[in-house]
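One letter stands for each residue in the lines below.
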Amino acid sequence: MKKLINDPDAFVDEVLDGLLLAHHHLLRSAAPDNRALVRADAPLDGKVGIVTGGGSGHLPLFLGYVGSGLCTGVAIGNVFSSPSAEQMLSATQASSGGAGVLYLYGNYGGDVLNFDLAGDLADAEGIPTRTVLAADDVASAPPDRAAERRGIAGIFFAYKCAGAAAERGADLEGVAEIAAAAVANTRTMGVGLSPTILPAAGKPTFELAAGEMEIGIGIHGEPGIHRGALETADAVTDRLVGAITDDLELVSGDRVAVLVNGLGATPLEELYVLYRRAHALLDDIGVEIHRPYVGEFATSLEMAGASVSVIRLDNELTQLLDAPARSPFFQQ
Amino acid sequence: MKKLINDPDAFVDEVLDGLLLAHHHLLRSAAPDNRALVRADAPLDGKVGIVTGGGSGHLPLFLGYVGSGLCTGVAIGNVFSSPSAEQMLSATQASSGGAGVLYLYGNYGGDVLNFDLAGDLADAEGIPTRTVLAADDVASAPPDRAAERRGIAGIFFAYKCAGAAAERGADLEGVAEIAAAAVANTRTMGVGLSPTILPAAGKPTFELAAGEMEIGIGIHGEPGIHRGALETADAVTDRLVGAITDDLELVSGDRVAVLVNGLGATPLEELYVLYRRAHALLDDIGVEIHRPYVGEFATSLEMAGASVSVIRLDNELTQLLDAPARSPFFQQ
Amino acid sequence: MNGTELRQLVDQALGVLEASRDELRDLDAAVGDGDLGITVSKGCAAVRTKLAALDADPTPGQVLRTSGASFAGGNPSTMAALVGGALLAGAKTVGDSGELDRQGAAAMLRAAFDSIMTRGKAQLGDKTILDAMAPTVDIAESSDIPDEDMLARMVADARTAVEETSALQSRRGRAAWVGERSIGHPDPGATAYLRLLEALFASARGTNT
Amino acid sequence: MNGTELRQLVDQALGVLEASRDELRDLDAAVGDGDLGITVSKGCAAVRTKLAALDADPTPGQVLRTSGASFAGGNPSTMAALVGGALLAGAKTVGDSGELDRQGAAAMLRAAFDSIMTRGKAQLGDKTILDAMAPTVDIAESSDIPDEDMLARMVADARTAVEETSALQSRRGRAAWVGERSIGHPDPGATAYLRLLEALFASARGTNT
Ligand SMILES: Nc1ncnc2c1ncn2[C@@H]1O[C@H](COP(=O)(O)OP(=O)(O)O)[C@@H](O)[C@H]1O
Ligand SMILES: Nc1ncnc2c1ncn2[C@@H]1O[C@H](COP(=O)(O)OP(=O)(O)O)[C@@H](O)[C@H]1O
Ligand SMILES: [Mg+2]
Ligand SMILES: [Mg+2]
Ligand SMILES: [Mg+2]
Ligand SMILES: [Mg+2]
């Protein structure tokens, strides 16, 4: 196990220690166990708070999107495990500026059950909450069961747009609507080339033979829709972008933003090879790329692979996407 | 070979295609083969240009540090190979605003020979040049042969400080002096947990058994000073930081900036575990951490591992480090 | 059974259950993310710690409430939230009474089952823990079955039910994403429930002899 | 030898030399970064392409200049820069003359050797290409050795010299970082030079018979 760690059971806590030491100007702890963090200036009086959360092992997801123009707070679980409702409640309390709190996170059973419980507890304390689930992974369910899809890297666009809406003073319904619009217009598909090893388990979460790829893989190594011999970067990009443009029903004249995301071990260089092809494919069908993002936005520890996300933009989403934002991990 | 690439021989060119498509607002090509890039607004009239360069496979190094408050231009070689003198000359010409050009790059034979040649050619065209070599890798030579050391991730500090000096209008001597001061006060040491595979060669550049680590590894997989069983993150950090503080002769009251850098496949989470320990070690000896940087700043394709860099700051270097900077890969 | 007896039984049974960690991890890794082993081992450890810290002479309701709250937080996950919530719902039916009798146990189990069904939005046959629980709730409620046979019958029927989940396709949680590839593997959550019953059975027998 | 003959000889020899790619990669990987194979194969390909594009009847100087410039740019690296620069320096001594005779070849080789020594700041015994070149320059300059034996003697002495580099510790370039671990491996650059001489020898013999 090629990992730079100490006690696997202390892994997440040590990560958070390091993070708070490094970024105390921008982030502060909102729970004695540090499993709830908020931006240093939270709560923002009179503004809607946005709380996200999920398992660890996906940096910069989730806590990397806590900052100005982004989320207000985050609850942090163990590697690939949901945070507890209690931790979510702590993040909620510290993020509440009196205008309610949006729960914006990925569609995973454990997270949903715990956030629902946290919402009940917040309600009892007089903090109104709404929930919007990111469910952008095209590979995880067919269009007629789109609500069952997993949330993966495309949640970045929802953070960016909803965060900008909250920052400019939209109310809870308004922020939730923006988040829902971003989610509804976002699709992602990934490819995995190697498995992930959980620090605590010490074994790969799945097997992938040398020279094999899994198209549609999830960010915990969930199986996708096709496993076969590794293809060229162009052929892989064709598969990913093809599935996305079909599902989004993109047509000539549409305006989009594109995110090419590395899953962990794949070099940044390779992500640009993918971007090159994605750009050409969208260009070919007359789709305008308003903004490209290339880098690691949602990882799966040391998994090799990548994903492509596309969001279709109307004028409002475009403005919100263009707004400034700043966290220790993302700046625009 | 778990790589998302097309033809290995076209790899770097395709990376550059993607990069120019994605970042044409910030970067432009200065050579027909795209192997010389400059910031979009280059040359800056009356300001010193800074040209860097080296082999590919290290993103965001080198081209990621071309931007405002950073370098002006870059020459881009194949994976782990020097660019040619001709390519360096193209970057030089496009970066020259009339106040001379600083060559700031890492101490590698091929790069030195080619940059020296490029300097001769630039001279013949009336562009004065100075050269400062980053040589921060403590593990690559003992203190009495410090000039022979390799340049690795610590070059970031030299870019940041020299770039800020050029931006505020220092002359060529002045920018070179700042770069030299940054280099003189910077030390780095790394650890490798797995080898790199060159796209064109298709084989690992060196062997490292499962469960082994190489302390002092270079960013092309050059051997270090100790190979042995993988230790805990804390024990590894103790080795790296210990070597650095010894070599820099850090004492209580010193002010530093710290960079914990991932070599490619190591998750960001693990880098924070290292930062946590590095922070504690420096704190223990009374050294003040003015700024931490944690992330991927100089990689070696998909190598697993990390490095720690420390720069000792005086007031001038502190100001320059704090100055704003922006490239597609780094923003402050 | 009073609260002290229940605490001792739960403590012992969870000690036994912890040994299923690797099996549950592997089962969950085959169709999900492999964390069920950790959920069960951390959850058991959390429950045992909190139970030990309870005052002397707790009520059965306190034991169940404490178990639910601490299992939910041990290693939060689908299973942790569902089982934690189920125990809290069960504790409610027990109330403040000092004794847990057969009827109380049956009502508690029914409430736990309903809680999981409601919160997880799952149906029988969706290949979840519910498929293993359903026959055991019936057994607990059936007045035909004597108290002393109850646990043994529950174990037997749960075992059959778990075996039958192999043939099903997962329709809930992470395993649903695997689609048809989930067929042929028993449901990890259902298996965890079976292992809990086996542990309770072994502990109860040990306690009673 | 006129420029057309030299061009043909170089073209053929580099075609042979390309076969050493994997060997040179492995040697360089053992003590350096493994790119020497690419440097040689890309460099050879670049030279052959540019030589083919030259006008008919080039001078020997033009052939050497073109070779140097294109080898340096093929896959830029230490070896590419040193060898490219060396060929340019050698081309200078040849000037515009239409024939390259023994004396001219010796002067050219000496200039090439000096160029590498100056630009690389290396000494004999530093375990570099210079250690293989040194005896061959002497052979070229020695009037005791007849023209027809020259290449064979150069190959023989270079081979011995390469073998002797194994015992040395690298003091220049990437291999110097390996320190004592470089002992026991022959120098990759010196080996590349030997392979070039062997290829020239084979091609010259093939051409002459
Ligand atoms: N919606 C649901 N309703 C009922 N049970 C469920 C549901 N989703 C999952 N389960 C049960 O939970 C088990 C998996 O638990 P766990 O590993 O904790 O899930 P996760 O890793 O997705 O958080 C499944 O085997 C199944 O028995
Ligand atoms: N300073 C130097 N002077 C002379 N020869 C050198 C020098 N440095 C390296 N060499 C030669 O170059 C060879 C390595 O070439 P190459 O692989 O191109 O280097 P790199 O990969 O470091 O650019 C060595 O085997 C040695 O013969
Ligand atoms: Mg990474
Ligand atoms: Mg990486
Ligand atoms: Mg699971
Ligand atoms: Mg080399």
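The preceding data block contains the structure.
## A short note on the overall build of chain A
On a plain count of helices and strands, chain A comes out with eight helices and twelve strands. On C-alpha atoms alone, chain A measures out to a radius of gyration of 19 Å, which is about the 20 Å that the 2.2 N^0.38 rule sets for 332 residues. Counting only C-alpha atoms and orienting by the principal axes, one finds that chain A spans roughly 50 × 50 × 35 Å. Within chain A, the fraction of its 332 residues that count as buried is 66%. For chain A, contacts bridging at least 24 residues in sequence account for 72% of all contacts bridging at least 6. Carbon together with sulfur atoms contributes 49% to the accessible area of chain A, which is approximately 10000 Å² in total.

## Some thoughts on the site of ligand 2
Residues and elements named next belong to chain D. With respect to spatial proximity, 20 residues lie near ligand 2, and among them Asp35, Thr78, Gly120, Arg174 and Asp187 are the closest. With respect to ligand 2, the side chain of Thr78 contributes an N or O atom lying 2.8 Å from an oxygen atom. Between an oxygen atom of ligand 2 and a main-chain N or O atom of Ile129, the distance comes to 3.0 Å. Across the complex, the protein chains shield 94% of the 570 Å² of accessible surface that ligand 2 would expose by itself. Where the shell around ligand 2 is concerned, the elements lending two or more residues are helix H5 (78-94), helix H6 (102-120), helix H9 (173-178) and helix H10 (188-208). Grouping the constituent residues of the shell around ligand 2 by class yields eight nonpolar, six polar and six charged.

## Looking at the sheet that holds strand S2 (residues 36-39) of chain A
All names here are of chain A. Spatially, the six strands line up as an open sheet ordered S1-S2-S4-S3-S5-S6, and their pairing is mixed. This sheet does not close on itself; its edge strands, each paired only once, are strand S1 (27-29) and strand S6 (129-134). Taken over all neighbouring pairs, the strand axes of this sheet differ in orientation by 25° on average, direction set aside. Both strand S3 (residues 49-56) and strand S4 (residues 73-79) contribute to a ladder of five bridges, which runs parallel. The residue of S4 that forms the bridge with Thr52 is Val74. Of the strands in this sheet, S1, S2, S3 and S4 are in contact with helix H1 (residues 11-22), which crosses S4 at around 145°. Along the sheet, helix H3 (residues 109-124) contacts S3, strand S5 (101-106) and S6; its crossing angle with S5, the most-contacted strand, is approximately 170°.

## Details of the pattern of salt bridges
In the structure shown here, the tally under the stated rule is 67 salt bridges over all chains. A salt bridge links B:Arg239 to B:Glu231, with the nearest nitrogen and oxygen atoms 2.8 Å apart. Residue classification places B:Arg239 among the partly exposed positions, given a relative accessible area of 31%. One salt bridge connects D:Asp22 with D:Arg21, and the closest N-O pair in it is separated by 3.2 Å. Each of C:Glu23, C:Arg159, C:Arg195 and C:Glu198 takes part in one network of salt bridges that share partners.

## Comments concerning the site of ligand 1
Residues and elements named next belong to chain C. The local shell around ligand 1 holds 20 residues, among which Asp35, Thr78, Gly120, Arg174 and Asp187 are the closest. Within the residue set of the shell around ligand 1, elements represented by two or more residues are helix H5 (78-94), helix H6 (102-120), helix H9 (173-178) and helix H10 (188-208). Looking at the shell around ligand 1 residue by residue, the classes come out as eight nonpolar, six polar and six charged.

Reading the values: the criteria
- Residues numbered from 1 in each chain as written.
- Chains lettered and ligands numbered in written order.
- Predicted model: local features only at pLDDT ≥ 70, side-chain atom pairs only at ≥ 80, totals over all residues.
- Heavy atoms only, no water.
- Helix = DSSP H or I, 4+ residues; strand = E, 2+ residues; numbered from the N terminus.
- Rg over C-alpha atoms; globule rule 2.2 N^0.38 Å.
- Buried < 20%, exposed > 50% of the residue type's maximum accessible area, 1.4 Å probe, protein only.
- Contact = heavy atoms within 4.5 Å.
- Areas by Shrake-Rupley, 256 points an atom, 1.4 Å probe, with all protein chains shown as cover.
- Near = heavy atom within 4 Å.
- Polar contact = N/O pair within 3.5 Å; in protein donor to acceptor, adjacent residues only side chain to side chain.
- Nonpolar A, V, L, I, M, F, W, Y, C, P; charged D, E, K, R; others polar.
- Pairing = 2+ DSSP bridges.
- Axes fitted to C-alpha atoms, helices over the stretch in contact; angles between N-to-C directions.
- Salt bridge = Lys/Arg side-chain N within 4 Å of Asp/Glu carboxyl O.

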